[in-house]
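# Reading the structure
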Amino acid sequence: MNQEKETASSHSEYQQVYENHKPAPWVERNGFAHWGMALGWVFVALIAFNIVGGIVGFVGVLATAESLDVQNMLDELSTNFDILFLANSSGQILIMALATLLVVKLHAVKGDRKEFLRMKLSGNVWQVTALAAVLFVVAQPTILFLGWLNSFLPVPEAMAQMQETMAEMISNFLKSDNALLLGVFHIGLVPAVCEEIMYRGYVQRAFEKSWGITAAILISGAIFGAYHLQISNFLPLATLGVFLAYVTYISDSLIPAMVAHFVNNGGQVVASSFYPEMLDEKITPEMDIPVLLVIGSVVLTTGLLYYLYTLKPKEQES
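These numbers come from a predicted model, not from an experiment.

### Overview of the overall build of the protein chain
Across its full length, the protein chain carries 15 helices and zero strands. Across the 318 residues of the protein chain, 42% fall into the buried class. Within the protein chain, contacts between residues separated by at least 24 positions form 79% of all contacts whose residues are at least 6 apart in sequence.

The following block contains the structure:
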């Protein structure tokens, strides 16, 4: 019996020594901070995303334009929604998802990369996933209210024009034929997978390793809001980013955030197909806010966030 205990103790000590002597990732070996590398990749990815989108859009125009006249090609690019959304989805898949998976190799050694990105199942993943989907439905009036507050902030004319053009493009696309399935794919599914890999998988974990989980949740949410380049929507987008980061932390998995993200984006696509008039509604300081609905939403959202916290396994929390 004593010999068995000694053998088990020796094995435990060996495992501890092995784990303590695992090779450090490239970032740590070369004296870089995880958060600094992540922030750098956010800027590089923004540029690369637009380059990839531009190349795909240019190739698409060359393949479909009736003539190679410059003005005709520009008109084709601005009105052909299939090309525009294909370009956007290509940038998300190639840069936000696949390229981010390569960048993660700098932050984690082989065998630890899925854990780093939280690309796994966990004990509470399906329960948190269901509650996260409910959370993103219940929180919509709260998000509307935050958008209304955000509308009071001044926006530079050039930025406002860009946001209006983007909103008009999405609106026209969703009003076009066969927009439902394509919209669910390009606006719902692709961002739900690709943006979660980049923001909740990579950025959140990198900041968590440097500054702890609370800072990681708040900062990754803020970066998510800023990355969309929509000043008038920063507050609601950042809040959604914080919610997504929170459910990722609670579940220790990307699945709840991916599902909740899809529910948010895909739900708006489906709703607009049944109520197209909602596409023409704009959030302005003059709009009427459903006060009771907002209060109810805030109360239910807060309650769900607290209940989700109780689902976090104590050993993981510590």
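### Overview of the pattern of salt bridges
Any two side chains of opposite charge can pair, given that their charged atoms come close. Applying the stated rule across the entire model yields eight salt bridges. Residue Arg205 is joined to Glu208 by a salt bridge in which the shortest nitrogen-to-oxygen separation is 3.6 Å. With a gap of three residues between them, Arg205 and Glu208 both fall in helix 10 (residues 179-211), about one helical turn apart. One salt bridge connects Arg205 with Asp252, and the closest N-O pair in it is separated by 3.9 Å. Within this pair, whereas Arg205 is found in helix 10, its partner Asp252 is found in the loop between helix 12 (234-251) and helix 13 (255-274), the two being separated by 47 residues in sequence. With respect to burial, Arg205 and Asp252 carry one shared label: buried.

### What about the nonpolar core?
For soluble globular proteins, the rule of thumb is that nonpolar side chains tend to be buried together. Counting residues in each nonpolar core, the largest one holds 30 residues, and the members touching the most others are Trp41, Met198, Tyr199, Tyr202, Val203 and Tyr227. Taken together, the elements giving at least two residues each to this core come down to helix 3 (34-64), helix 5 (81-103), helix 6 (113-117), helix 10 and helix 11 (213-227). Those residues in contact with Val203, other than ones at most four positions away along the chain, are Ala38, Val42, Met198, Ser220 and Ile223. In terms of nonpolar packing, the next biggest core, distinct from the first, is built from 24 residues, Leu131, Tyr246, Tyr249 and Leu305 among them.

### Focus on unusual backbone geometry
Within the chain, Arg118 stands out as a residue other than glycine whose phi angle is a positive 60 degrees. Along the chain, Arg118 falls in the loop between helix 6 and helix 7 (125-138). Classification of Arg118 by relative accessible area gives buried; the value is 2%. Of note, the phi angle at Asp252 is positive, near 60 degrees, even though the residue is not glycine. Accessibility expressed as a relative area gives 11% for Asp252, which makes it buried.

### Concerning the side chain of His107
Residue placement: His107 occurs in the loop between helix 5 and helix 6. Exposure remark for His107: the relative accessible area of 1% places this residue in the buried category. Here the side chain of His107 touches Tyr202 through a polar contact of 2.7 Å, side chain to side chain.

### Looking at the environment of Gly201
Its place among the elements puts Gly201 in helix 10. Given a relative accessible area of 0%, Gly201 falls into the buried group. With 44 residues separating them in the primary sequence, Gly201 and Ala245 have C-alpha atoms 9.0 Å apart. Not counting residues up to four positions away in its chain, the partners in contact with Gly201 are Phe116, Leu117, Glu196 and Leu254.

### As for the packing of helix 7 against helix 13
With their axes 8 Å apart at the nearest point, helix 7 and helix 13 run at an angle of 25 degrees to one another. Accordingly, the angle class assigned to the pair helix 7 and helix 13 is roughly parallel. As for how helix 7 packs across helix 13, the hand of that crossing is right-handed. Of helix 13, the residues touching helix 7 (which contributes Val125, Trp126, Val128, Thr129, Ala132, Ala133, Phe136 and Val137) are Ile255, Pro256, Val259, Ala260, Val263 and Asn264. In the contact of helix 7 with helix 13, the residues fall into 12 nonpolar, two polar and no charged.

### What about the environment of Leu39?
Within the secondary structure, Leu39 is located in helix 3. Linking Leu39 and Phe207, residues 168 residues apart in sequence, is a C-alpha distance of 9.0 Å. Discounting residues that sit within four places of it in the chain, Leu39 has contacts with Phe207 and Ile223.

Calculation notes
Residues numbered from 1 in each chain as written. Predicted model: local features only at pLDDT ≥ 70, side-chain atom pairs only at ≥ 80, totals over all residues. Heavy atoms only, no water. Helix = DSSP H or I, 4+ residues; strand = E, 2+ residues; numbered from the N terminus. Buried < 20%, exposed > 50% of the residue type's maximum accessible area, 1.4 Å probe, protein only. Contact = heavy atoms within 4.5 Å. Salt bridge = Lys/Arg side-chain N within 4 Å of Asp/Glu carboxyl O. Core = buried A, V, L, I, M, F, W, Y, C linked by side-chain atoms within 4.5 Å. Polar contact = N/O pair within 3.5 Å; in protein donor to acceptor, adjacent residues only side chain to side chain. Axes fitted to C-alpha atoms, helices over the stretch in contact; angles between N-to-C directions. Parallel < 35°, antiparallel > 145°, perpendicular 65-115°, else oblique. Left-handed = near helix turned anticlockwise from the far one by under 90°. Nonpolar A, V, L, I, M, F, W, Y, C, P; charged D, E, K, R; others polar.

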